[in-house]
Structures are given as structure tokens and as C-alpha cells.
Amino acid sequence: QVQLVESGGGLVPAGGSLRLSCAASGRAFSTHTMGWFRQAPGKAPEIVAVIAWSGGTTYYEDSVKGRFTISRDNTKSTVYLQMHNLKPKDTAVYYCAAVLMPFGSTRSLPNSARVYGYWGQGTQVTVSS
């Protein structure tokens, strides 16, 4: 079982920065590819970024490329999302998630929510104009 808890959200002006953290329970965290998703009111969750369980390979949704950075520290069982140059369109609840199966591909990273079986409770990010 993998349990995830997000933190670091808040209210920030356009152009500002936030760093989200996701703390995971258990040592099995290190064998799971991790992702960040976000969901605006009335919309389906959308992928933000993904990092492989091994090797450091990453994937970013086009609208956040160059602004967001995903990273992980397996010794601390934590995944991070560093966000710079935030825009009002980034406003959403941000969730971290772990894929259902361990030891997945480190070359083709999943960007569909259906592949992720473990989810945190979410943290609100609001970007004002």
C-alpha cells in the first residue's frame, strides 16, 4: 500500500513560485513511477509532470514545460514539483499519484490518470492576476 500526502500549495501572484511536496509512506515508493496532476473546478484531471521510478526520466505537459520541474528523493520518499512563473491558468487542486504497478517502463512514461492507482488528497494552488 502506498499513501501520499501533498503540501506546499497556496495563494501566489502571477509570475510567482511555489514548491509542492508529496510525502509517501513505505519504502515501496522507490519502485513506482510518480506523477503530478491538477484539476480545475468542473474539469477532468490533467497530467502535469511525471518522473520515472529509476533513472530520472521526466515528462511534462506542454503548457508547463520550462516553468515546472519534477524531482524525487527516494531516501526521503518524497516527490517535488517546483513551479516558476505561475499563471492564473495554473490555478487548480494539485494531486500527486503513484502508478499501480511497480518497476514500470523508464522510457515510455504514463500520462493517463487511469494508470495511477494511488492518490493524495490534493493541495490548492491559486494564482491571482
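Here the structure is shown first, and the text comes after it.
Residues numbered from 1 in each chain as written. Predicted model: local features only at pLDDT ≥ 70, side-chain atom pairs only at ≥ 80, totals over all residues. Heavy atoms only, no water.

Peer 1: Which parts of the structure should I look at to understand the overall build of the protein?
Peer 2: Along the backbone of the protein there are 0 helices and 11 strands. Written out in order from the N terminus, the α and β elements of the protein read β-β-β-β-β-β-β-β-β-β-β. Structurally, the protein occupies a C-alpha span of about 40 × 30 × 25 Å along its principal axes. Counting across all 129 residues of the protein, residues that qualify as buried make up 42%. Across the protein, every contact between residues at least 6 apart in sequence was considered, and the portion connecting residues at least 24 apart equals 60%. A total accessible area of about 6600 Å² is found for the protein, and carbon and sulfur atoms account for 50% of it. (Helix = DSSP H or I, 4+ residues; strand = E, 2+ residues; numbered from the N terminus. Buried < 20%, exposed > 50% of the residue type's maximum accessible area, 1.4 Å probe, protein only. Contact = heavy atoms within 4.5 Å. Areas by Shrake-Rupley, 256 points an atom, 1.4 Å probe, with all protein chains shown as cover.)

Peer 1: Is there a simple way to explain the sheet that holds strand 3 (residues 18-24) in this structure?
Peer 2: Within a beta sheet, neighbouring strands are joined by backbone hydrogen bonds and run either parallel or antiparallel to one another. Here 4 strands make up an open sheet; going across it, the order is 1-3-8-7 and the pairing antiparallel. Taken across any chain shown, the strands that pair with only one partner, and hence form the sheet edges, are strand 1 (4-7) and strand 7 (68-73). Averaged over all neighbouring strand pairs, the angle between strand axes comes to 15 degrees, with direction disregarded. Across 4 bridges, the pairing between strand 1 and strand 3 is antiparallel. Opposite Ser7, over in strand 3, you have Ser21 as the bridge partner. (Pairing = 2+ DSSP bridges. Axes fitted to C-alpha atoms, helices over the stretch in contact; angles between N-to-C directions.)

Peer 1: Is there a simple way to explain the nonpolar core in this structure?
Peer 2: Generally speaking, a soluble globular protein has its nonpolar side chains buried in company with each other. Formed by 27 residues in total, the largest nonpolar core has its most connected members in Trp36, Val79, Leu81, Met83 and Tyr94. Secondary-structure elements contributing two or more residues to this core are strand 3, strand 4 (34-39), strand 5 (46-51), strand 7, strand 8 (78-83), strand 9 (92-99) and strand 11 (123-128). Phe37, Ile47, Ala97 and Val99 belong to the second largest nonpolar core, which has 8 residues in total. (Core = buried A, V, L, I, M, F, W, Y, C linked by side-chain atoms within 4.5 Å.)

Peer 1: Looking at this structure, I do not really get the pattern of salt bridges. What am I missing?
Peer 2: Pairs can form between side chains of opposite charge whenever their charged atoms are close. Here the structure, examined in full by the defined rule, presents 4 salt bridges. Of the charged contacts, one joins Glu46 and Arg38 as a salt bridge, the two residues approaching to 2.8 Å between their closest N and O atoms. Between Asp62 and Lys65 there is a salt bridge, and its shortest N-O distance comes to 3.1 Å. Exposure class is identical for Asp62 and Lys65. Each is exposed. Through salt bridges with shared partners, a single ionic network connects Arg38, Glu46, Arg67 and Asp90. (Salt bridge = Lys/Arg side-chain N within 4 Å of Asp/Glu carboxyl O.)

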